[in-house]
Amino acid sequence: MNRPTTRSKNKKPKPSNDVDKISDTLRKIHASGEITQDDINQLYNIEKPICQGCRVNAKDNPNCFCGLIPSPNGSRKSGIWQKMSDVIQSLGPDPFKELRASLDSPAGLTNLGATCYANSILQCLYMNTTFRKGVLSIEVDVLRKQPVLDQLARLFAQLHASKRAFVDSAPFIKTLELDNGVQQDSHEFLTLLLSLLERCLSNSRSVVARTIVQDRFRGSVSHVTTCSRCGKDSEASSKIEDFYELELNVLGLKSLDESLDDYLRVEELNGENQYFCESCETRVDASRSIKLRTLPRVLNIQLKRYVFLPKTTTKKKITSAFSFPRELDMRKRLCDPAQVDLIYDLSAILIHKGTAVNSGHYIAHIRDEKTGQWWEFDDEHVSNLGDHPFGEDSSGHKSKPAQKEPLVHSSPVSVAGDATDDVLPQFAENGDSEHSEIFSSADAYMLMYNLRQTNAHLQKTSMVLNANNIETERTNCTSNDITSLPSYLRDEVDELNASYVEACHQYKLQKETTLHLIEERRQEVRLILSEAPVQSFEEPFYWISANWLRLWVDNIMPPVLDNTLIQCSHGKVHMAEVGSMKRLSASAWVKLFSKYGGGPALANDDSCMDCLKEAAHRLVCADSYRDRRKSVKELADSVLSGNCSDGTYYVSKAWLQQWVKRKITDAPSEADAGPTASISCPHGQLMPEQAAGARRLLVPENLWLFFYEDAVTVNPDDPLGCPSFPISSEQCSQCSEKISEVACLEDTLRAVKNKQRENHEKLAAGKSFPLLPYHEYNLLPSGWLTTWRNYVNASGKNTLSCDEPESLDSVIDKLTCEKHLRLLERPLDLVHKRGAIFQKVSLTDGLTIITSSDWKCFCEEWGCSENKGISAIIEHDNDAQDKGMCGKETSICNEQLGSIDGSNNRLDERRLVIRTSPEVCEECAGERASSELMRRLNYCNEDIYVTFVHGKEVPKSVLEASETAFDPGRRISKRSRRTNYGSAVNLKVSGSTSIYQLKMMIWESLGVVKENQIIHKGHTKIEGEFSTLADFNIFPGDTLWVRDSKIHEHRDIADEISIQKMDVEHAEEGFRGTLLTTDFPS
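Cut-offs applied
Residues numbered from 1 in each chain as written. Predicted model: local features only at pLDDT ≥ 70, side-chain atom pairs only at ≥ 80, totals over all residues. Heavy atoms only, no water. Helix = DSSP H or I, 4+ residues; strand = E, 2+ residues; numbered from the N terminus. Buried < 20%, exposed > 50% of the residue type's maximum accessible area, 1.4 Å probe, protein only. Areas by Shrake-Rupley, 256 points an atom, 1.4 Å probe, with all protein chains shown as cover. Expected span 1.5 Å × (residues − 1). Contact = heavy atoms within 4.5 Å. pLDDT = per-residue confidence, 0-100. Pairing = 2+ DSSP bridges. Axes fitted to C-alpha atoms, helices over the stretch in contact; angles between N-to-C directions. Lys, Arg positive; Asp, Glu negative; His and termini not counted. Salt bridge = Lys/Arg side-chain N within 4 Å of Asp/Glu carboxyl O. Polar contact = N/O pair within 3.5 Å; in protein donor to acceptor, adjacent residues only side chain to side chain. Phe/Tyr/Trp six-rings, centres within 6.5 Å; stacked < 30°, edge-to-face > 60°. Lys NZ or Arg CZ within 6 Å of the ring centre and 35° of its normal. Core = buried A, V, L, I, M, F, W, Y, C linked by side-chain atoms within 4.5 Å.

Each helix and strand counted, the chain has 30 helices and 43 strands in total. The buried share among the 1082 residues of the chain stands at 44%. Total accessible area on the chain is roughly 57,200 Å²; 49% of this is exposed by carbon and sulfur atoms.

Listed below in structure tokens is the structure:
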């Protein structure tokens, strides 16, 4: 048995005879007036076979239910047939993914946009056990008065005992009034935060909490200046200053030891920097250095990776590798060598990723004081690194073991802020068995070292005051058990955890319910579709809307059954909707109708006989219209070819030509309206044939009646209707008179222009003519000549529309200044070509030389007295000086200059000048030129052209284009293009555009880093980023050329834009306007 032919998804269906069969059936119905059951089966496609295995659903087959659901291994983008993974994803974030692995695993902090700098610092503070316990011991009444402390305690409590893998940091960030969209410096944030916490904690009654900042982070230094003559220290040397971090240089240094040596090095003051010693009462050589007096328990070391570049007034990050040890011995760094252990263990590394100063990303690597394990804190994500601060298999950071060195524990540690009542036990491994390692990183930005505790400290127990001022023994609570929190914080965390557990429960319930409902719907759809096909013609069936059926197949919650879309106006099944409905078995219909309701029910006997008869009538009418149009089209072809002599009505020739080209349709369309619209004048009469677009043809009466009938059918409500113009119709007299007047005016004007072109043949053609020394000429403005040339050369439709030049009388008056009655403009320069003297050409600027005959003709044509003319004579400069006349000097090369010799027509080597009468007013002309220059440079959003030159030699064409003034009348392509010597682009600029902005545009368009761009205009180099295009006289249309020096490495322009944006908008602001910089009473 052969498989039934089905339609392929990617191939067009083969032509069939179905349309012809339907047309024949409708013609038979119209002829007989009767409709049989076979006719209904034919017209409603009932007799089509049941499809099996079609890739898509066949719209022309109501018995086809293929393709309504995907194949067993297929899926869809929405509905019940999408992938289960997509269904689960549509339910929203899975709260189970936020579940914390265990309370021994640290929790992360949410990044609110650009708050990674704050998250990293907060994690460093939280992971410091002593500092965390100090914050959690703050009294409730103090927290109520200090919102910052309150939110910090809540944040630490959630980090301590929350069931979520990360905690929302928004309340704390909002309390500090930080802009979560602005990246800030983490070092500055830590400094300001510790200062703020120190002020807020000053009123706490808890011994641990009140001085926790000072006890953990504060050390002291002094700046000592010693006289080399008397050996005494200055008075200021005895001043002790507090510090909370050591800021160490990185530039040019490779290790922490080198940076500490650099920080504590002795500076010699001599020469101009000599120190005035009060004891010696004179300026003497001296030494200056920083002395470490006391060290904190937590030593913060800030690596100064950001350096200021004076040339660009920006900051740059130093990305060189920097090494630091796992354990740091600071005994020899104190000014008074300590008799105690000052061994620090590396506890945290703050890392800045990225090359830009005001962007990038901060993360923190922190050591758990309890387990000794290292963790990476990257906002919400926390990863275990093992015993190595950069991970056991770290490839981006280097580490090397150092020699074993026994550590001596002799006496209790004496450091800044030492207090026996707040020293909490910290368990460290025995130093004798530990290897010291050296780590290296190119991104480490801050290092934190914790002071290693001695056995004497481990035997102590801190006594602290609780919130009720009752002295109790503080237990060594290092676990993350929620019971270790104060009661008010424990209750809050319990509530948050309960809410989270409930959210997990609700998500699980919703997921199970949704998946179960989808599975039920899939089974229902498969069952009903298996019963849907009608197996025989005698079996009863129902019609159902295919659109509703698709909604029912795809949606989890289908709408009410709706068959109204396939109903006709008589309430029956419309034959025209056969492609939008399916033939459903009675059993399948009963199941759908009983469950989803709606309707109406349209059974097998609900075919609409009235609609079938109307369709048959329309088909016969369409056949008749096509036949009529085909016959009259042949007649129209004969009219256009001039073979029809019995025309009696006028129609538009252009309309008729378009009508003939259109395809023959079943009914008239909008294009068939208005056969006489273009030949009707505004007065409702026949337009004169001389008018534009009024050409017409005579058509026979039967053809005109066909056109008229179609036009009225298309626009039955048109109040003007379709005007008829029989052969006897006369042209509109008013329009004829007007056209005659215009034609007469055009003829007159055309004759005048022809006469002027004859009188000024070379000027009208824009041709230059050779000039003779000591020959008298006249001068006219170049701009006026350009306008005149466009005017006399205009033809056709532009004859009357082209602008007429001003009268010469007013033009000549404008050329002289009122103060001195001299010329305000200068003649154009002279040039030498092919052994003759010519004048440069300009369409807008300067005065152009014309012959005396041209001047006389212009005076007659454009109304001016010949005596008002501006005369000009070309002569040698020494002759002009002998006569005491002022001339216009012209520079011409020695080998090209000269004056005419009567015998051999050669030129001698002397400078030529144009002597004008009246003379050029240098004062007023200079002012006018300067004003015009400022006007031209005050442009906005205009095009300039930049050519990128690859080779060493700059092509001559590029130099000439760059040096030549732009001609506004010349048409230039504005597309980016590639030439043999490089790429060329056009850029939108203004006169106020800075060179820096221009370089950024070139960077974006041509990919050349701004530091590598060498820009020229001709031979002039464009330098200085703060200068503007106007400063270099760069006008619209000018051509620049640029070369790549390739000195600096290529980088992404996005980094530069980011730096520029941050520098301009936020760099100077910093934390200004936030709670961190607000002064308020503690």
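This next bit is on helix 22 (residues 782-793). Its 12 residues place the ends of helix 22 17 Å apart at the C-alpha level, agreeing with the 16 Å of an ideal helix rising 1.5 Å per residue. Within helix 22, burial applies to Ser-782, Trp-784, Leu-785, Thr-786, Trp-788, Arg-789, Tyr-791 and Val-792. Structurally, helix 22 contributes buried residues whose contacts are with helix 20 (733-759), helix 21 (761-765), strand 31 (776-781), helix 24 (808-813), strand 34 (847-850) and helix 25 (852-862).

Attention now goes to the confidence of the model for the chain. Looking at the chain, pLDDT values average 81 and 83% of them are 70 or higher. Segment residues 1061-1068: pLDDT under 50, and 10 contacts once partners within four positions in sequence are set aside and those in other chains are kept.

Another point: unusual backbone geometry. At the junction of Gly-599 and Pro-600, the peptide bond is cis and its omega measures out at -5° in the coordinates. With respect to the helices and strands, the residue Pro-600 is situated in the loop between strand 27 (598-599) and strand 28 (602-603). With an omega dihedral of 5°, the bond running from Ser-917 to Pro-918 counts as a cis peptide bond. Topologically, Pro-918 is positioned in the loop between strand 37 (912-917) and helix 27 (922-937). In the Ramachandran plot, Leu-821 falls in the positive-phi region, its phi being about 55° despite a non-glycine side chain. In this structure, Leu-821 sits in the loop between helix 24 and strand 32 (830-833). With relative accessibility at 59%, the residue Leu-821 sits in the exposed group. Positive phi outside glycine occurs at Lys-1046, with the angle close to 60°. Mapped onto the fold, Lys-1046 is located in the loop between strand 43 (1039-1044) and helix 30 (1053-1067). Residue Lys-1046 is classed as exposed on the basis of its relative accessible area, which comes to 67%.

Take the sheet that holds strand 26 (residues 581-585) next. With antiparallel pairing, the three strands of this open sheet are ordered in space as 26-24-28. Each of the sheet's edge strands pairs with one partner strand only, and the pair in question is strand 26 and strand 28. With two bridges joining them, strand 24 (residues 541-545) and strand 28 adopt antiparallel strand pairing. What sits directly across from Tyr-542, in strand 28, is Ala-603. Set on the sheet, helix 16 (residues 586-596) makes contact with strand 24 and strand 26; between it and strand 26 the angle comes to about 100°.

Assignment of secondary structure puts Glu-245 in the loop between strand 4 (241-243) and strand 5 (246-249). Although Glu-245 is buried, it forms no salt bridge, and the closest oppositely charged side chain is Lys-304 at an N-O distance of 11 Å. Here the side chain of Glu-245 touches Thr-191 through a polar contact of 3.4 Å, side chain to side chain. When residues no more than four places from it in sequence are discounted, the contact partners of Glu-245 are His-187, Thr-191, Asn-300 and Gln-302.

With that settled, the discussion passes to the environment of Arg-662. Summarising the element assignment, Arg-662 is placed in the loop between helix 18 (653-661) and strand 30 (696-699). The sequence separation of Arg-662 and Asp-672 amounts to 10 residues, and the corresponding C-alpha distance is 9.7 Å. Beyond its immediate stretch of four places on either side in the chain, Arg-662 contacts Arg-629, Lys-633, Trp-655, Ala-671 and Asp-672. There is a polar contact of 3.0 Å between the side chain of Arg-662 and the side chain of Asp-672.

The strand order 4-3-9-6 describes an open sheet built from four strands, whose pairing is antiparallel. Every interior strand has two partners, whereas the edge strands, strand 4 and strand 6 (267-269), have only one. Neighbour to neighbour, the strand axes of the sheet diverge by 35° on average, direction disregarded. Taken together, the eight bridges between strand 3 (residues 219-227) and strand 9 (residues 286-294) define a ladder with antiparallel strand orientation. Bridge pairing links Ser-220 to Thr-294 in strand 9. Sheet strands touched by helix 12 (residues 256-264): strand 3 and strand 9. Its angle to strand 9, the strand with the most contacts, is close to 120°.

Looking now at the packing of aromatic side chains. Under the definition given, this model contains 26 aromatic pairs. For the pair Trp-548 and Trp-552, a centre-to-centre distance of 6.4 Å together with 15° between the ring planes defines the contact as stacked. Of the two residues, Trp-548 and Trp-552 both sit in helix 15 (residues 546-554), four residues apart, roughly one turn of that helix. Look at Trp-548 and you get buried, because its relative accessible area is 4%. Trp-552 sits in the buried class, given a relative accessible area of 0%. Ring centres 6.2 Å apart and planes at 90° place the aromatic pair Trp-784 and Trp-862 in the edge-to-face group. Here Trp-784, found in helix 22, pairs with Trp-862, found in helix 25; they are 78 residues apart in sequence, far enough to count as distant. Here Trp-784 and Trp-862 have matching classes, each one buried. Site record: aromatic cluster; members linked through ring pairs are Tyr-625, Trp-655, Trp-659, Phe-706 and Phe-707. One residue, Arg-583, lies across the ring of Phe-541, its end atom 4.4 Å from the ring centre.

Attention shifts here to the nonpolar core. Among the nonpolar cores identified, the biggest contains 64 residues, and Leu-125, Phe-131, Phe-156, Phe-172, Leu-176, Phe-189 and Val-213 are the most heavily contacted of them. With nine residues, helix 7 (residues 147-161) is the single largest residue contributor to this core. Here Leu-176 is in contact with Val-148, Phe-189, Leu-196, Thr-1074, Leu-1075 and Leu-1076, once residues within four sequence places are set aside. Counting residues in each nonpolar core, the second largest holds 35 residues, with Val-811, Leu-830, Ile-850 and Cys-859 among its members.

Let us look at the pattern of salt bridges. For side chains of opposite charge, pairing can occur when their charged atoms come near one another. Tallied over the entire structure, the rule returns 37 salt bridges. Among the ionic pairs, Asp-141 bridges to Arg-205, the shortest N-O distance being 3.1 Å. Residue Asp-141 is found in helix 6 (residues 140-145), and its partner Arg-205 is found in the loop between helix 9 (186-200) and helix 10 (207-210); the two are separated by 64 residues along the sequence. Here Asp-141 falls in the partly exposed class, since its relative accessible area comes to 32%. Among the ionic pairs, Glu-492 bridges to Arg-154, the shortest N-O distance being 2.1 Å. Of this pair, Glu-492 sits in helix 14 (residues 487-531) while Arg-154 sits in helix 7; the two residues are 338 residues apart in sequence, bridging distant segments of the chain. The exposure class assigned to Glu-492 is partly exposed, which follows from its relative accessible area of 21%.

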